[in-house]
Amino acid sequence: MGMVDLEKAPGAGAQAGPGEPVRRSDAEGCLAVAIRIPVRVVVLVLVVPVRMVWDALVVAGRFLRDAVLRPVGRALAWLGRAVFVWPLVGLWRYVVVPLAKGVGWLGHVLLVVPAVWLYRWVLTPVGQALAWFFTRVGAVLAAAGRGLYAGLAWLGRYLAVVPAVWLYRWVLTPVGHALVWCGRQVARGVGLVVTGVGFVLYWICRVLLVLPILAVWRWVFAPVGRFLAVVGREVADALGHAWRVAGRLSRAVGRFLGTVLRWTVAEPAGWVYRSVLTPVGHAVRDTVLRPLAEAGRGARRAARQALASARLSVRQARADVRRMLFGGPAERQPVDGREPSAAEARTLGSSTTALTKD
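Residues numbered from 1 in each chain as written. Predicted model: local features only at pLDDT ≥ 70, side-chain atom pairs only at ≥ 80, totals over all residues. Heavy atoms only, no water.

Undergrad: Residue-level account of the overall build of the protein, with values.
TA: In terms of regular secondary structure, the protein is built from three helices and zero strands. The order of α-helices and β-strands along the protein, N terminus first, is α-α-α. With 358 residues in all, the protein has 6% of them scored as buried. Residue pairs at least 24 apart in sequence account for 78% of intrachain contacts in the protein once pairs closer than 6 positions are excluded. When the accessible surface of the protein is split by element, carbon and sulfur atoms take 73% of a total near 29,400 Å². (Helix = DSSP H or I, 4+ residues; strand = E, 2+ residues; numbered from the N terminus. Buried < 20%, exposed > 50% of the residue type's maximum accessible area, 1.4 Å probe, protein only. Contact = heavy atoms within 4.5 Å. Areas by Shrake-Rupley, 256 points an atom, 1.4 Å probe, with all protein chains shown as cover.)

Written out as structure tokens, the structure is:
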């Protein structure tokens, strides 16, 4: 792990040439340099335990995820499929879909076909007849309406429109022009009064409010804000630096603990497994388990042979009893006086064997 550079290298700010941007550390001044090292030391002391606890929790969470949560999740997923998905799929495939197809066919036969027939042979002719009737009646009513509209339009033009145009042109227009001129003069006077009052109020607000607020902002809040900004920036940098250093310390501690566990637990356990348990297991397998397995296989083979002999004896005894009670099977005589062929002989022998076994 590398050394932590807590101080600025000497002459780092003096190497910036003309035209190059000034670094932040050069512009911070003595204040930033004075608060940087104490803040970083305090933050490092506070952050190292937190980072180590965080890394331990991360390792424990990964182990819990891989060893517990993932197998439990897979088991729950399989159980959910077995309990919910597969029954629902079977219900949908073998119950709902056939039932829906049957209902659809029934609805087509009982509703769609009669509705199509009714529309084609009843509603369509009636609708065409009504359309023809209303078309003729509409043409008559349209002609009457056009004549009535023409008469009413002529009456409205000479009884309302012409007098209204004359009244607007020779009465309302001159009166409106006079009112507009008067309103402009009044608005100009009111605007002059409002301008004077606003000028006076502007200077009063500027002298009593704006200038004091600007002075307080410039000489109080701005310096305090710059100081707090420098402090906050240094604290943020210290937190990031301390978090990285704590990560390296935590990694080193984890590697040390892993090495200790490997040398104290894993290596001895491996040596015991290789040097003690494996030879003992091989000896037990060669001296105990294999002879027991061979003896078990021999006993099983002898039992199978004994059972086969007993079954064969029972079949022969049953065949002898049946032969004594009912006689042997009748032999087939050739019809044309010839000897049976080889295929017929095999068929006859197989049937006789089957009867004997039965």
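Undergrad: So what's going on with the packing of aromatic side chains? Residues and values would help.
TA: Summed over the entire model, instances satisfying the criterion amount to six aromatic pairs. Where Trp-154 meets Tyr-158, the ring centres are 5.4 Å apart and the plane angle is 50 degrees; that geometry is what we call tilted. Taken as a pair, Trp-154 and Tyr-158 lie in helix 2 (residues 30–326) at a separation of four residues, close to a single helical turn. These aromatic residues form a ring-pair network of at least three members: Phe-199, Tyr-202 and Trp-203. Over the ring of Tyr-158 we find Arg-157, and its NZ or CZ is 6.0 Å from the ring centre. (Phe/Tyr/Trp six-rings, centres within 6.5 Å; stacked < 30°, edge-to-face > 60°. Lys NZ or Arg CZ within 6 Å of the ring centre and 35° of its normal.)

Undergrad: So what's going on with the side chain of Arg-51? Which residues, and what values?
TA: Tracing the chain through its elements places Arg-51 in helix 2. A relative accessible area of 15% places Arg-51 in the buried class.

Undergrad: Give a detailed account of the pattern of salt bridges, specifying residues and quantitative values.
TA: Applying the stated criterion across every chain, the model contains six salt bridges. When the shortest N-O distance is used, the salt bridge between Asp-286 and Arg-285 registers 3.4 Å. A salt bridge links Glu-294 to Arg-297; the nearest nitrogen and oxygen atoms lie 2.3 Å apart. Placement of the pair is Glu-294 and Arg-297 together in helix 2, with a separation of three residues, close to one helical turn. Using a relative accessible area of 33% as the deciding quantity, one classes Arg-297 as partly exposed. Because the salt bridges share partners, they merge into one network encompassing Arg-65, Asp-66 and Arg-70. (Salt bridge = Lys/Arg side-chain N within 4 Å of Asp/Glu carboxyl O.)

Undergrad: Which residues make up the confidence of the model for the protein, and what are the values?
TA: Looking at the protein as a whole, the pLDDT averages 81, with 82% of positions reaching at least 70. At the level of individual helices and strands, the protein shows its lowest average pLDDT in helix 1 (residues 24–28), which scores 46, and its highest in helix 2, which scores 88. Counting interchain partners and residues more than four positions distant, the pLDDT-below-50 stretch residues 1–27 has 21 contacts. Taken together, the stretch residues 354–358 has pLDDT below 50 and engages in eight contacts with residues farther than four places along the chain or on a different chain. (pLDDT = per-residue confidence, 0-100.)

Undergrad: Report on a positive patch on the surface, specifying residues and quantitative values.
TA: A contiguous patch of positive charge on the surface is contributed by Arg-244, Arg-248, Arg-251 and Arg-255. One can find Arg-251 in helix 2. (Patch = residues over 30% accessible without salt bridge, like charges linked within 9 Å, V, L, I, M, F, W, Y side chains within 5 Å. Lys, Arg positive; Asp, Glu negative; His and termini not counted. Charge placed at Lys NZ, Arg CZ, Asp CG, Glu CD.)

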